[in-house]
Amino acid sequence: MILEFIEQFTEDEILTDEDIYQLGEEWFYVEPELFLVGKDLPRKPVFVGTFLGKRKNDYLIPGVALLELLAKHKNTKKVFISDKAAWLFVCGKNVLQPSISRVEGTPEKDEMVLVMNGEDCLGIGKVENSLADAKSVVTHLFDIGDFLRRERKVRSDKPIEEKDK
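Just so you know, these numbers come straight off a predicted model, no measurement behind them. Sequence order as written defines the numbering, with residues in each chain counted from 1. Reporting in this predicted model follows two pLDDT cut-offs: at least 70 for local features of residues, and 80 or more for side-chain atom pairs to be given and counted; totals over whole chains, interfaces and linings ignore these cut-offs and use all residues. To obtain the side-chain values, all non-hydrogen atoms of the structure were included, while hydrogens and water were left out.

1. A short note on the overall build of the protein chain
Then step 1. Helices and strands together make up the secondary structure of the protein chain, namely 6 helices and 10 strands.
Then step 2. For every residue, the accessible area (1.4 Å probe, protein chains only) is compared with the maximum for its type, and the residue is labelled buried under 20%, exposed over 50%, or partly exposed between those bounds. Counting across all 165 residues of the protein chain, residues that qualify as buried make up 35%.
Then step 3. Working rule for contacts: check all heavy atoms of both residues, and any pair within 4.5 Å makes them a contact. Expressed as a percentage of contacts within the protein chain between residues at least 6 apart in sequence, the contacts between residues at least 24 apart total 54%.
Then step 4. With an accessible surface of roughly 11,100 Å², the protein chain has 51% of that area assigned to carbon and sulfur atoms. Each helix corresponds to a stretch of at least 4 residues labelled H or I by DSSP, and each strand to a stretch of at least 2 residues labelled E; elements are numbered beginning at the N terminus. Surface accessibility in these figures is a Shrake-Rupley result with a 1.4 Å probe; residues are shielded only by whichever protein chains are displayed.

Spelled out as structure tokens, the structure:
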């Protein structure tokens, strides 16, 4: 599943089966030396290497490391957007054509793209129309703000002032 996800953005081989370790519904990038050490552990690890993503129902939720890996790769489908559009995208909004400053990798209609602001990957989207069309849109699918939104809020019965005493 993780390799199929990567293939949506580039035809180049960024990772191989030997680089990836699956634990349940999660995938990790593991250095070969660490992988050899892990084979000798008496128990199955809970976490190993760099988190790449996890399966949720029938789709993959990418990890930040996977997005960064794809963003650093030259032959990846990318859409670069303005600062204002970047903020809106991280808040869950779609990218409109006037906000797109440049495109790499020639993404076509219905293809996935990395949404970039400078060198930073903000998330992934889907191209709805030809990007040459003035009414084209990149539909928001996932952004790095998702990790913050999923954090559980800390609950406390005591007011903050009482905790500090």
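2. Details of the sheet that holds strand β3 (residues 50-56)
Then step 1. The strand order β1-β2-β3-β4 describes an open sheet built from 4 strands, whose pairing is antiparallel. Each edge of the sheet is formed by a strand with only one pairing partner; in this case those strands are β1 (20-23) and β4 (59-62). With strand direction ignored, the average angle separating the axes of adjacent strands in the sheet is 25°.
Then step 2. Strand pairing is defined by DSSP finding a minimum of two bridges between the two strands. Relative to β3, strand β2 (residues 26-29) runs antiparallel, the two sharing 4 bridges. Directly across from Glu26, in β3, lies its bridge partner Lys54.
Then step 3. Docked against the sheet, helix α3 (residues 64-72) engages β3 and β4, running at close to 85° with respect to β4. A fitted line through C-alpha atoms serves as each axis, taken over the contacting stretch for helices, and the angle formed by two N-to-C directions is quoted from 0 to 180°.

3. Some words on the confidence of the model for the protein chain
Then step 1. Note: pLDDT gives the predictor's confidence per residue, expressed from 0 to 100. For the protein chain, per-residue confidence averages 84 on the pLDDT scale, and residues scoring 70 or more make up 82% of the total.
Then step 2. Mean pLDDT per element in the protein chain: helix α6 (residues 160-164) is the minimum at 51, and strand β5 (residues 78-81) is the maximum at 96.

4. Section: the pairing of β2
Then step 1. The pairing of β1 with β2 spans 4 bridges and is classified as antiparallel. Bridging across to β2, Gln22 finds its partner in Trp27.
Then step 2. Here β1 folds back onto β2, and the loop between the two strands holds 2 residues, one of which, Gly24, carries a positive phi near 65°.

5. A closer look at the packing of aromatic side chains
Then step 1. Two rings belonging to Phe, Tyr or Trp (six-membered ring only in the last case) form a pair when the distance between their centres is within 6.5 Å. Interplanar angles under 30 degrees mark stacking, angles over 60 mark edge-to-face geometry, and anything in between is tilted. Tallying each qualifying case throughout the model produces 2 aromatic pairs.
Then step 2. Each ring, one from Phe28 and one from Phe51, has its centre 5.7 Å from the other, and the planes form 65°; the classification is edge-to-face. Of the two residues, Phe28 is situated in strand β2 and Phe51 in strand β3; the sequence distance between them amounts to 23 residues.
Then step 3. Its relative accessible area of 0% is what places Phe28 among the buried residues.
Then step 4. As a reminder, the over-ring test applies to NZ of lysine and CZ of arginine, requiring each to be within 6 Å of the ring centre and within 35 degrees of the ring normal. The residue whose ring lies beneath Arg102 is Phe80, and the NZ or CZ to ring-centre distance is 3.8 Å.

6. Points about the pattern of salt bridges
Then step 1. Just to be clear on terms, a salt bridge is a Lys or Arg side-chain nitrogen sitting within 4 Å of an Asp or Glu carboxyl oxygen. In total, this model carries 5 salt bridges according to the counting rule given.
Then step 2. With a shortest N-O distance of 3.8 Å, Glu104 and Lys78 are connected by a salt bridge. Taken together, the residues span a long stretch of sequence, with Glu104 in strand β7 (residues 100-104) and Lys78 in strand β5 at a distance of 26 residues.
Then step 3. Assessed through its relative accessible area of 5%, Lys78 is described here as buried.
Then step 4. Across the salt bridge formed by Arg102 and Glu104, the nearest N and O atoms sit 2.9 Å from each other.

7. What about the environment of Phe89?
Then step 1. By the element assignment, Phe89 lies in helix α4 (residues 83-90).
Then step 2. The spatial distance from the C-alpha of Phe89 to the C-alpha of Phe142 is 9.1 Å, given a sequence separation of 53 residues.
Then step 3. When near neighbours in sequence (up to four residues on either side) are disregarded, Phe89 contacts Ile81, Val95, Val115, Leu122, Gly123, Ile124, His140, Phe142 and Asp143.

8. Description of α3
Then step 1. Within the span of α3, buried status applies to Leu66, Leu67, Leu70 and Ala71. Along the axis of α3, the buried residues cluster in a sector spanning 135°; they form a single face. By arc we mean the arc of the directions from the helix axis to the C-beta atoms, nothing more.

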